[in-house]
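Working through the structure, step by step
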Amino acid sequence: MNMKQLTVFKQMVYFLGILYSFFACCNNDSMTVKSPDGKIEVKVSANNHRVSYAVNKENKEVILPSKLGFVLEDGDSLNRFTITGTQYASFDETWEQPWGESRFVRNHYNELKVLLQEAGGNRKVNIIFRLFNDGVGYRYEFPQQEVDSLVILTEETEFKMPYVHDAWWIPASDPYYECITTRSAISKLDTVRTPLTIETTDGKYLAIHEANLTNYPKMNLTVKDSATLCASLVPWSNGVAAYVKIPFSTPWRTLIIGEKPGDLVTSYLMLNLNEPSKIEDTSWLKPGKYIGIWWEMHLGKGTWYYGPNHGATTTNLKKYIDFAAANGISGVLAEGWNEGWEGDWTKHGNELDFTKPYPDFNIKEITDYAREKGVSMIGHHETAAATLNYERQLDKAFAFYQKYGVNIVKTGYVNPLMDFKEAHDSQYGVRHYRKVIETAAKYHIAIDNHEPVMPTGIERTWPNLMTQEAIRGQEHNAWSPDGGNPPEHTTVVPFTRGLAGPMDFTFGTFNFKNEVYPGTRVNTTLCKQLALFVVIYSPLQMASDLPENYEGIKAFDFIKDVPTDWDKTRVVDAEIGNYSIFARKDRNSSDWYVGCITDENARELDISLDFLDADAKYIAQIYADGDDADWKTNPTSFKYEEKTLTASETLHVKLATSGGCAIRFIKQ
C-alpha cells in the first residue's frame, strides 16, 4: 500500500473563495486567519504602505507587529505595498514517512495568502501564512510578472517579541554549527543560527527556524531594540544574498509554539512545509546502525592516508564486517579509502579522487565479503569543500559505488569556505548540496551529510537525505582541546539543533580512557551513552567505539536491540539543559524504548508509563547507572535488571552525574 492510499483524510477547500477586494491602501487595512483549533491567530496589517504581521495564541501576544519586505541591490527596496487581494484555504491530510520519529504525520492547516503590489510600482509579491495547531509558517512568493529577476541583499523579515525572553543559541561564526549552546536573554544576542529556541517570560516555549530551504541562503537572526529578531541572510562572497529568477518562492519562516519543551520536538510543522517525496519507490532506503574505522583514526591509531598505519585496508575492514555480522549491525563505514589524503588535504581538495582506491583497499573483495555476511558497506566522500572537483566527478563517483552495491554515502566538507570562496550555507552552498542529493537519488544512494547547511525538512522531499551532522558531536570527545562536550550538551541539543532534523552524533563509546589526548574524554556514564540512542534521533546511528571495547559487555545488548526507525515518539518529561526522558515505539514491533539523561547533576526521576498499551504487560529490560557510578571517577559502572510493568505504573530511576538509563519494554 503506497502513501497516497494510506492518506486518512485529505481536503483542500477555498472556504472563502478568492477575495479580490482591489481596495486602496488605508491606514488600518487588516485581515486575520486562525489555526484549525482556533487558538493561534495571525493578523496582517497595512499602515502607510508598510505591511506587518502579528501572532497571538489564546489572546496572548506571541509576536508583536513585525515588518516584512526586502532590500535589493543599488539601494532599491521592496517593502512598501498596496494590498490587492486575499485568498483563504484549508488543508488536512495524514501522510506516512518512509522513515522517521513518527510513522504518520498529520498536515492540517488554514492558509491566508495576501496579494501585494509595490506602492508606486508594478512589482508583485504574495505572502502566504499557514497556521497549524502548533505554530505558523510564512513565505514570500513572487508570481509570474513583467520583472523576471531580482537581486536580494537581505530580508526585512522580523520576529518582534513582546518581552525580552531567554534563548538557547549558537553563534553564526562557526561554518559547521559545531558549538556548545549558550543560554541568555535575547537582548544579548549578536548574529545566531536557527533553530533558535526560546523560553518566554511566562514559561512557554518557541522555536524559530525555516523550512524548505531551496535555491536561497540560510536565514540567521540578529537582534535590535532588545527584543526584535531580524533575518540575516548568508551572502555570496560579493555581498549578494540571493539571485532570484521569477516565479520564485522563498523558504518558509517557521515559528513553533509549545507549552513545554517536548511540544517543540513532536511538532512536524517543518516537514509539513516541505513538498512530498519526489522518490516514488523508497523501499531501498534502510534505516539501521553502523560501525566503522572512524573512531580509531580520531584517536590517532590509524590514518586516513596511505601508509603503515592506514585504517581503510581490506584486512581491517573485514574485521569490522565480521563484528557487525556477529552482532546484527547492518553497516560498516570506510573512510580514507580513496586517493588524495596525503599532506594537508584540506588545501588540495582538487586532488581527491572518488573512484581510485588506495592499493591496500580492494573494494570488490570488501563489498563481496560484506554481502556474504549480510552487511552493507557505507561509502565516504570527503570533498574538502572542493565542490567544483566533486561535481565534476559526481555521476561517475555514485555510479562507481552503485556498481559495488554501496547505497549509503557519508559526505564531508571540511573547509570553512567552499572552493575557498563561498559559505556552506550561502545560496551557492544550498544549490550544491541539493545537486548532490538529487544526483545520489538517481543511483539509489542515501546521503549522510557532514559539514552541511542546517537541515530544514528537505528529507521529506528527498528522503535519501537520511541524516546530517551540523552539530558538535562525539568526535569532539576524542580530540577537542576544551576536554570534550560538557555533560549538559546532550540535554540541550534535542530541543535546539534536533528540531531541524536527524543528527549523526555518533555516540556509543564504552572506553573512557584517551591515551592520545588524555585531557579529552567522553563526559558521560556508560548508561548515558546507551540512552542517547533513544534521546537523539537519526535513522542511521553509529556505535562509535572500537569492536574490542564492546566484547563481553552486557550493556552492548541494548545497542544491538535498539531500532533507529520509530512508529511514535513521546517526550515524557524534560527541562532543557537539565534532563530529558524520551519514549519511542519501534516501527516494526510492539516494543517501546526509553532513554533518560541528566546533566552534571545526579537525579532521581519518575517515569510515567502511560505511553504503553493499557491492557498489556511488558518485560522491562533496564540498563541503569550503578550505585557507585560517576562520570568523572567511575563512568562504566552499571546494573541490569528486568521487571514486569504495566501502563498504570510509574518507574523510579536514579541517574548518576552525567548519567543515564536505557530501557527496552517488550510486550507480553
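Residues numbered from 1 in each chain as written. Predicted model: local features only at pLDDT ≥ 70, side-chain atom pairs only at ≥ 80, totals over all residues. Heavy atoms only, no water.

1. Here's the deal with the overall build of the protein
Selection rule: Put simply, DSSP marks the helices as runs of H or I at least four residues long and the strands as runs of E at least two long, and each gets a number from the N terminus on. Only C-alpha atoms enter the radius of gyration; for comparison, a globular chain is expected to reach 2.2 Å times N to the power 0.38, where N is the number of residues. Exposure categories follow from relative accessible area, calculated using a 1.4 Å probe and restricted to protein chains: below 20% of the type maximum is buried, above 50% is exposed, and the middle band is partly exposed. Each accessible area is a Shrake-Rupley estimate made with a 1.4 Å probe; only the visible protein chains count as cover when residues are assessed. Here Asp and Glu are counted as negative and Lys and Arg as positive; His is not counted, and neither are the chain ends. By convention, charge coordinates are those of NZ in Lys, CZ in Arg, CG in Asp, or CD in Glu.
Check the secondary structure of the protein and you find 12 helices and 41 strands. Radius of gyration (C-alpha) of the protein: 25 Å, near the 26 Å computed for a compact globule of 668 residues. In terms of its C-alpha atoms, the protein occupies a principal-axis envelope of roughly 75 × 60 × 50 Å. Relative to its full complement of 668 residues, the protein shows a buried share of 64%. Surface exposure of the protein reaches about 24,800 Å², of which carbon and sulfur atoms provide 47%. On the protein, the mean spot of the 68 positive side-chain charges and the mean spot of the 87 negative ones are 3 Å from each other.

2. Thoughts on the nonpolar core
Considering soluble globular proteins, one finds that nonpolar side chains tend to be buried as a cluster. Keep this limit in mind: Working definition of a nonpolar core: buried Ala, Val, Leu, Ile, Met, Phe, Trp, Tyr and Cys residues. They are joined through side-chain atoms within 4.5 Å. Between two residues, a contact is recorded if the distance between any of their heavy atoms is within 4.5 Å.
Residues Tyr53, Val55, Phe159, Met161 and Phe398 are the most contacted members of the largest nonpolar core, which totals 176 residues. For this core, the element with the highest residue contribution is helix α11 (residues 526–535), accounting for eight residues. Each residue touching Phe159, except ones within four places of it in the same chain, is listed here: Tyr53, Ile63, Ser66, Tyr138, Ile208, Met219, Leu221, Ala227, Thr228, Leu229 and Arg253. Leu645, Leu651, Leu655 and Cys661 belong to the second largest nonpolar core, which has 24 residues in total.

3. Notes on the sheet that holds strand β13 (residues 149–155)
Threshold: Here, strands pair whenever DSSP counts at least two bridges between them.
Spatially, four strands are ordered β8-β7-β13-β22 in an open sheet, and the strand pairing comes out antiparallel. What marks the edges here is a single partner per strand, and that holds for β8 (77–78) and β22 (242–245). Pairing geometry for β13 and β22, over four bridges, is antiparallel. Counterpart to Ile152 in the pairing with β22 is Ala242.

4. Topic: the sheet that holds strand β35 (residues 579–586)
Using the following cut-off: Lines fitted to the C-alpha atoms define the axes, with helices restricted to the stretch that makes contact. Angles between their N-to-C directions range from 0 to 180 degrees.
Read from one edge to the other, the open sheet built from six strands follows the order β34-β35-β36-β41-β38-β39, with strand pairing classed as antiparallel. The sheet terminates laterally at β34 (566–575) and β39 (638–646), the two strands that pair on one side only. Taking the axes of each pair of neighbouring strands and ignoring which way they run, one obtains an average angle of 15° across the sheet. Where strand β38 (residues 617–625) meets strand β41 (residues 660–667), seven bridges bridge the pair, whose relative direction is antiparallel. Among the inter-strand pairings, Ile619 is bridged to a residue of β41, identified as Ile666. In the packing of α11 onto the sheet, the strands contacted are β34, β35, β36 (592–598), β38, β39 and β41, and the crossing angle to β36 comes to about 125°.

5. Things to note about unusual backbone geometry
Most peptide bonds adopt trans geometry, and most residues besides glycine take a negative phi value. Put simply, Thr194 and Pro195 share a cis peptide bond, and its omega is 5°. Positionally, Pro195 belongs in the loop between β17 (191–192) and β18 (196–199). A cis amide bond links Ile246 with the next residue in sequence, Pro247, at an omega value of 10°. Its location among the elements puts Pro247 in the loop between β22 and β23 (248–249). In this model, Ser658 sits at a positive phi of 45°, which is unusual for a non-glycine residue. You can see Ser658 is positioned in the loop between β40 (650–655) and β41. Classification of Ser658 by relative accessible area gives buried; the value is 0%.

6. Quick look at the pairing of β13
Here three bridges tie strand β7 (residues 70–72) to β13, and the two strands are oriented antiparallel to one another. Pairing of Val71 across the sheet is with Thr154, part of β13.

7. Concerning the packing of helix α7 (residues 387–403) against helix α8 (residues 427–442)
Convention followed: By definition in this entry, angles of less than 35 degrees are roughly parallel, angles greater than 145 are roughly antiparallel, angles of 65 to 115 are roughly perpendicular, and the rest are oblique. Residues are grouped as follows: nonpolar covers Ala, Val, Leu, Ile, Met, Phe, Trp, Tyr, Cys and Pro; charged covers Asp, Glu, Lys and Arg; every other residue, Gly included, is treated as polar.
Contact geometry of α7 with α8 gives a least axis separation of 10 Å together with a crossing angle of 10°. If you check the angle between α7 and α8, you find them roughly parallel. Between α7 and α8, the residues in contact are Thr387, Leu388, Tyr390, Glu391, Leu394, Asp395 and Phe398 and Tyr428, His432, Lys435, Val436, Thr439, Ala440 and Lys442, respectively. Of the residues in the contact of α7 with α8, the class split is seven nonpolar, three polar and four charged.

8. Considering the packing of helix α5 (residues 314–326) against helix α6 (residues 363–372)
Each packed pair of helices is defined by two parameters, the angle between the axes and the distance between the axes. Selection criterion: Crossings are sorted by hand: turned counterclockwise from the far helix by less than a right angle, the near helix makes the crossing left-handed, and turned clockwise it makes it right-handed.
At a minimum axis separation of 10 Å, α5 and α6 run at an interaxial angle of 10°. Here α5 lies roughly parallel to α6, going by the angle between them. Of the two possible hands of crossing, α5 and α6 adopt the one that is right-handed. Contact residues: α5 offers Thr314, Leu317, Lys318, Ile321 and Asp322, while α6 offers Glu365, Ile366, Tyr369 and Ala370.

9. Overview of the pattern of salt bridges
Stated formally: Whenever a carboxyl oxygen of Asp or Glu lies within 4 Å of a side-chain nitrogen of Lys or Arg, that contact is scored as a salt bridge.
Inspection of every chain in the model, using the stated rule, returns 39 salt bridges. In this structure, Asp610 engages Arg570 in a salt bridge whose closest nitrogen and oxygen atoms are separated by 3.2 Å. Pair noted here: Asp610 is in the loop between β37 (603–608) and β38 and Arg570 is in strand β34, with a separation of 40 residues, a long-range link. A relative accessible area of 46% places Asp610 in the partly exposed class. Connected through shared salt-bridge partners, Glu155, Glu210, Lys218 and Arg253 make up one network.

10. Side note on the pairing of strand β10 (residues 104–118)
For β10, a buried count of 12 out of 15 residues is recorded, marking the element as mostly surrounded by other parts of the structure. As judged from the 15 bridges shared by strand β9 (residues 81–96) and β10, these two strands associate in the antiparallel manner. Note on β10: the bridge partner recorded for Phe81 is Glu118. Note that β10 and strand β11 (residues 124–132) share eight bridges and pair antiparallel. The partner of Leu116 across the bridge, within β11, is Val125. Linking β10 back to β11 in an antiparallel pair, the connection comprises five residues, with Gly120 at a positive phi of about 75°.

11. Focus on the environment of Met418
Structurally, Met418 can be placed in strand β29 (residues 417–418). Along the backbone, Met418 and Leu388 are 30 residues apart, and their C-alpha atoms lie at a distance of 8.9 Å. Not counting the four nearest positions on each side in its chain, Met418 is found in contact with Ala385, Thr387, Tyr413, Ala423, His424, Tyr428, Gly429, His432 and Tyr433.

12. Comments concerning the confidence of the model for the protein
When pLDDT drops low, the exact placement of atoms in the prediction is not to be read closely. Selection criterion: A score from 0 to 100, pLDDT tells how confident the predictor is in each residue.
For the protein, per-residue confidence averages 95 on the pLDDT scale, and 96% of positions sit at 70 or higher. Ignoring residues within four places in sequence, the model shows residues 1–28, a span with pLDDT below 50, making 58 contacts including any to other chains.

13. Some words on the packing of aromatic side chains
Counted only if it meets this: A pair of aromatic rings is counted whenever rings of Phe, Tyr or Trp (Trp by its six-membered ring) have centres within 6.5 Å, and the orientation is called stacked for planes under 30 degrees apart, edge-to-face for over 60 and tilted otherwise. Note on geometry: a ring has a charge over it if NZ (lysine) or CZ (arginine) is within 6 Å of the ring centre and within 35 degrees of the ring normal.
As enumerated under the stated definition, the model contains 36 aromatic pairs in all. An angle of 45° between the planes, with centres 5.9 Å apart, marks the rings of Tyr53 and Phe129 as tilted. On the criterion of sequence distance, the pair formed by Tyr53 in strand β5 (residues 50–57) and Phe129 in strand β11 is long-range, its members being 76 residues apart. This pair shows no difference in class: Tyr53 is buried, exactly as Phe129 is. Ring centres of Tyr138 and Phe159 lie 6.2 Å apart, and the angle between their planes is 45°; on these two criteria the pair is classed as tilted. Of this pair, Tyr138 sits in strand β12 (residues 135–142) while Phe159 sits in strand β14 (residues 158–160), and the two are 21 residues apart along the sequence. The class for Phe159 is buried, based on a relative accessible area of 0%. Here Arg460 stacks its cationic end above the ring of Trp95, 3.9 Å away from the centre of that ring. Between Lys554 and the ring centre of Tyr640, over which it is positioned, the NZ or CZ distance is 4.5 Å.

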